[in-house]
Amino acid sequence: MCAATGFAGGPAPLASTLVTGALSLIARAGGALKGPLPVTLLTPIPTPMGDIGAAARAVWAVDGVVLTALGGAAAIMMFAAPVPLIVVCAVTIGIGVARWRYRR
């Protein structure tokens, strides 16, 4: 039993579940507002190690999943260390607001 995460009981499991659910909804809405893949991501990005264009497209495709996973991990420790959760929430909400502002 870990008292910091609240597995012994208390409000932590419910709060982390609600926060993760809200972050998932915001990330999903941001993904719906993202639009099609920008043409600039289809251009090659040459480096001495080769073309990293595929990595850029992969990051573009899974940004919401990564933010939700980071938010879930931060929500587990929200009472012991709230700063990572605040940062992930601010980034997720900021991306959602920016995509809402520039929607087509």
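Reference entry: report on the structure contained in this document. In this text, all values refer to a predicted model and were calculated from it rather than measured experimentally.

### Comments concerning the overall build of the protein
Next, step 1: Scanning the protein from terminus to terminus reveals four helices and two strands.
Next, step 2: Listing the helices and strands of the protein from first to last along the sequence gives α-β-β-α-α-α.
Next, step 3: Over its C-alpha trace the protein gives a radius of gyration of 17 Å, far above what one expects of a compact globule, namely 13 Å for 104 residues.
Next, step 4: In the protein, which comprises 104 residues, the proportion classed as buried is 22%.
Next, step 5: If you take every contact in the protein between residues at least 6 apart in sequence, the share linking residues at least 24 apart comes to 63%.

### A short note on the pattern of salt bridges
Next, step 1: Within the structure shown, the criterion is met by two salt bridges.
Next, step 2: With a shortest N-O distance of 3.0 Å, Lys 34 and Asp 63 are connected by a salt bridge. With Lys 34 in the loop between α1 (12-32) and β1 (46-47) and Asp 63 in helix α3 (residues 63-76), this residue pair connects regions lying 29 residues apart in the sequence.
Next, step 3: In this structure, the salt-bridge partner of Arg 99 is Asp 63, at a minimum N-O distance of 2.5 Å. Here Arg 99 is found in helix α4 (residues 83-101), whereas its partner Asp 63 is found in helix α3, with 36 residues between them in sequence.
Next, step 4: A single network of salt bridges, built from pairs that share partners, joins Lys 34, Asp 63 and Arg 99.

### Quick look at the packing of α1 against α3
Next, step 1: Interhelical geometry of α1 versus α3 gives an angle of 165 degrees and a closest axis separation of 9 Å. Compared by their axis directions, α1 and α3 come out roughly antiparallel. Helix-helix and strand crossings are classified by hand; for α1 and α3 the assignment is right-handed. Along its contact with α1, which presents Ser 16, Val 19, Thr 20, Leu 23, Ser 24 and Ala 27, the element α3 presents Gly 64, Thr 68, Gly 71, Gly 72, Ala 75 and Ile 76.
Next, step 2: Classifying every residue of the contact of α1 with α3 by side-chain character gives five nonpolar, seven polar and no charged.

### A few points about the packing of aromatic side chains
Geometry of an aromatic ring pair is reported as the spacing of the ring centres plus the angle between the planes.
Next, step 1: Here the structure, examined in full by the defined rule, presents zero aromatic pairs.
Next, step 2: Above the ring of Trp 60, the side-chain terminus of Lys 34 is found at 4.2 Å from the ring centroid.
Next, step 3: Taking NZ or CZ as reference, Arg 103 lies 4.0 Å from the ring centre of Trp 100, over its face.

What counts, and at which threshold
Position labels on residues start from 1 in each chain and follow its written sequence. Totals for whole chains, interfaces and linings use every residue, but because this is a predicted model, local features are given only for residues with pLDDT of at least 70 and side-chain atom pairs only at 80 or more, for both listing and counting. Where side-chain values are given, they derive from all heavy atoms of the structure, hydrogens and water being excluded. Put simply, DSSP H or I for four residues or longer makes a helix, DSSP E for two residues or longer makes a strand, and each gets a number counted from the N terminus. Within these notes, the globule rule equals 2.2 Å times the number of residues to the 0.38 power, and the radius of gyration is based on C-alpha atoms. Any residue under 20% of the maximum accessible area for its type is buried, any over 50% is exposed, and the rest in between are partly exposed; the area is computed with a 1.4 Å probe on protein chains only. Note on definitions: a residue-residue contact is assigned when non-hydrogen atoms from the two residues lie within 4.5 Å. Salt bridges, as used here, are contacts in which a Lys or Arg side-chain nitrogen is within 4 Å of a carboxyl oxygen on Asp or Glu. To get an axis, fit a line to the C-alpha atoms, keeping to the stretch in contact for a helix; angles then go from 0 to 180 degrees between the N-to-C directions. Under this scheme an angle from 65 to 115 degrees is roughly perpendicular, one under 35 degrees roughly parallel, and one over 145 degrees roughly antiparallel; angles in between are oblique. Each crossing is labelled by how the near helix is turned from the far one, with a counterclockwise turn of less than a right angle marking it left-handed and a clockwise turn marking it right-handed. Polar here means any residue outside two lists: the nonpolar Ala, Val, Leu, Ile, Met, Phe, Trp, Tyr, Cys and Pro, and the charged Asp, Glu, Lys and Arg; Gly therefore counts as polar. Pairing of aromatic rings covers Phe, Tyr and Trp, the last counted by its six-membered ring, and requires centre-to-centre distances within 6.5 Å; plane angles under 30 degrees mean stacked, over 60 mean edge-to-face, and any other angle means tilted. Charges are assigned to positions over rings by a cutoff of 6 Å between ring centre and Lys NZ or Arg CZ, combined with an angular limit of 35 degrees from the ring normal.

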